[in-house]
Each structure stands twice: as C-alpha cells, then as structure tokens.
Amino acid sequence: MLTLLKNTQLYAPSKMGKKDILIANDKIIAIEDNLSEFENIYVKIIDAEGKIVTPGLIDQHIHVIGAGGKEGFGSMTPEVKLSELIACGTTTVCSLLGTDGTARNIRTLYAKVKGLNQEGISAYMFSGYYGMDTVTITESIQGDMLFIDKVLGVKIAISDIRSSYPSATDLVRKLRDIMVGGMVGGKKGILHIHLGNLPSKMDLLFELVNDFHFPIKHISPTHVGRSKELFDQAIEFAKLGGMIDITTAASQYTAPYKSVLYALEQGVDISKMTFSTDGHAGLTKFDEEGKAIGVRKAPIDKNLSETLLLIKEGKLSIEKAFQLVTSNPAENLGLKHKGSIKVGNDADFCFFDEDLTLTDVFAKGQQMMKNKKIIVKGNFEL
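Residues numbered from 1 in each chain as written. Predicted model: local features only at pLDDT ≥ 70, side-chain atom pairs only at ≥ 80, totals over all residues. Heavy atoms only, no water.

> Looking at this structure, I do not really get the overall build of the protein. What am I missing?
Secondary structure summary: the protein contains 10 helices and 19 strands in total. Its C-alpha radius of gyration of 20 Å places the protein within 12% of the 21 Å reference for a compact globule of 382 residues. Each of the three principal axes of the protein carries a C-alpha extent, and together these read 60 × 45 × 45 Å. Within the protein, the proportion of its 382 residues that are buried is 57%. Considering only contacts within the protein whose residues lie at least 6 apart along the sequence, 70% involve residues at least 24 apart. Carbon together with sulfur atoms contributes 50% to the accessible area of the protein, which is approximately 15700 Å² in total. Taking the average location of the 44 positive side-chain charges in the protein and that of its 46 negative ones, the two points are 2 Å from each other. (Helix = DSSP H or I, 4+ residues; strand = E, 2+ residues; numbered from the N terminus. Rg over C-alpha atoms; globule rule 2.2 N^0.38 Å. Buried < 20%, exposed > 50% of the residue type's maximum accessible area, 1.4 Å probe, protein only. Contact = heavy atoms within 4.5 Å. Areas by Shrake-Rupley, 256 points an atom, 1.4 Å probe, with all protein chains shown as cover. Lys, Arg positive; Asp, Glu negative; His and termini not counted. Charge placed at Lys NZ, Arg CZ, Asp CG, Glu CD.)

> Explain the side chain of Thr90 here, please?
Examined against the element boundaries, Thr90 turns out to sit in strand 7 (residues 90-95). Its relative accessible area of 2% is what places Thr90 among the buried residues. In this structure, Thr90 is in contact with Leu57, Asp59 and Leu85, ignoring residues within four places of it in sequence.

> I keep staring at the nonpolar core and nothing clicks. Help me out?
Side chains that are nonpolar tend, in soluble globular proteins, to be buried together. Judged by nonpolar contacts, the single largest core of 87 residues is most densely connected at Ile121, Leu205, Phe237, Met273 and Leu310. In contact with Phe237, other than residues within four places in its own chain, are Met202, Leu205, Phe206, Val209, Ile216, Ile219, Pro221, Gly242, Met243 and Ile244. By size, the runner-up hydrophobic cluster in this structure holds 15 residues, among which are Ile23, Ile28, Phe351 and Phe362. (Core = buried A, V, L, I, M, F, W, Y, C linked by side-chain atoms within 4.5 Å.)

> Looking at this structure, how should I read the environment of Lys201?
Relative to the assigned elements, Lys201 resides in the loop between strand 10 (190-195) and helix 5 (203-210). Residue Lys201 is classed as partly exposed on the basis of its relative accessible area, which comes to 25%. Once residues within four sequence positions are removed from consideration, Lys201 is found in contact with Ile158, Ser159, Leu195, Glu229, Leu230 and Gln233. Here Pro199 takes part through its backbone oxygen, which lies 3.2 Å from a polar atom of the side chain of Lys201. (Polar contact = N/O pair within 3.5 Å; in protein donor to acceptor, adjacent residues only side chain to side chain.)

The following block contains the structure:
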C-alpha cells in the first residue's frame, strides 16, 4: 500500500521546509519537494497543507503494565491503553518494571510489549527492576540481549533506599553482559539507571566512566531532574558525553522544560538530553493542604506538553525542542530506524496545526488519529 503525504511543513526533526513524503506500507521511501508523479488511483493521498509534521514521539521510560504498590496491592497502577499513547503522539515506547519485580512479572511485560506492537505502535523493554538480582526472560542478561528481540538493555536503581546498593564493580559486570550481548544481538545495549534521592547521587556513574573507563554511551541515567543538586551533577555527566533523561511526569524539582533551559545555559548540548514520562508510575495524591490522601498514576502526556512549553515559553525552536522526544531517545536506545523522518525509517508522524495542537498521528504507516479523533484503538477499547 502506498500513501502520499502532500505539502507537509517538515521537521525531521531538523527543519526541511515544504516536502512531500511517500510511504510504502510501514516505511518512508521518498521525501521530495514534489512527488505529484505518484498521484494516481493506487495511491492514498493525504493533503497536509498548513500542517507541521514531526517524527512520532518516543517515550523511553514508561510502565505499560503499570507500577506502583507502595500503599499495598490496591495502589498498583493499571496498564497503559493504546489510545492513551496515540492521544499524546507517542508512537514508540520502551517499558520496564519498577520497584517490584515479583508481583509485576518480566514475562508479562514482554507479552504487553508484543501486544502493543500487534496493535500498531512500536514497543520495546528493559529487563531488570530496582534490584541487583536482574529479572530476565532467558535466565541471563546476555541471553535476553541475544535472543529476546524487544529487550534493549537492563534497568537497575542506585542512590535509593529501595535499591540493592550496588557497587561500581557490580554495575560494570552488568554492563559487560549488556554490551557483549548487544554486540552479538545487533543492539546498542544500555544500563538504564533509576536515580533516587540519596546523597550519593550519580557518584557511581562517574566511577564507571573515570575509573573503569567504561564507554559512557551504554550508561543511561534517568530522573536526573529530581533535585537541583542531582541535576547539576547530571550536567557534568552530559558534558562528558553522556545522555541524561529528564522525567516529565514525576521526580522533578522544577518544571522539566525549565531544567532543559538551565542545562543549555550551562553549556549542555541539546543532543545530550531526553524527556521521558515515567507514565503509570504510582504517585502519592495530596489534598490542597499537602496531606497525603491516596495514590494516582503518573500521566503519560507530559512529554508532549513539556516539549511545547520549551517552544512557547522557552522560545526554543521546533527542531531543537522535538529532539528530546524523537532523535535523542532513538540515539540513546540505539533505534536507527526511529526518531527521524528519512528514507528507510519507519513511517511514524505527528501532525500539528499552526498553534501546535496535535491533529493527526501515524504509526508504522497507519493513521491512528485523524483530525484530533483517535481512529485506531486497542483490542479491548472497542
């Protein structure tokens, strides 16, 4: 099936101006100023006149089978629905377990990831959870990296009272398995690291880079905006060449878009930062007086809203702001066919009107949202 997108104002995420885009099934096969020679009865034509077109958004830290549980079983959050992702322009996710690696099962996570792929978007995952005893599908980290198609790396927690207090030696041994498994399995391989609020902050990660000389591209810290002190340390990590992940729906000392602006002022390159939501993590709900009254799930639409705030309030260009949710997370995860609009890549797009309101979403060549209405939903949403 061929689809021709006409007259797009294309941000790939770099600004490309007015372009036509030709799609064959789920891939981009041509991008030109004018592709009118393909206008015939065998080609579906969509006129995107007046629409800003960006890559589909990537959320590299989201709990698609839910998380939570700190207030007991009743506080475990629900699964993510396909329509929730489409509604905020997210066409690619990388999911993971949280504090709990027992009630939340790694094989259940894999099944949900495969299900989301069947429903139309692209989904990946990390093995592991907070603890040192990495939960895997194949009984080993290297096995998961080699043989489980959707596993891109491993998660672990540091600087958190819920972590296993790993040493730098513990981490470098896991990194070795991730990297070697990735080499053979054709993946980049990353250790995705939850950062808590203990005073040790990112000290272990600097030890990995400075003392063990481990390649920084395989080390992926998240929740770096949890506190000002932690974020200042993250800035130094980024200046060493590392990618830092700013959580948009939780774990923040200030608005995430303001953290990005501050980092830019301190000399961090925009290519070294990503946004992720931590969507469907369990959060404490407070009343107007600040008293805890229950739990809630972290929203999954904050990547988009914080990106738009970067543009509207922070005066950052569209092409720079959208890097945090497109090309940068694709680079971090090692997804070469994602995050940018170019020939050979997956046909994932978001359309915006001139006010930057999301109007249309395509995932792997299929239109999922049309004129602000979701037209493809998950199997159990119908």
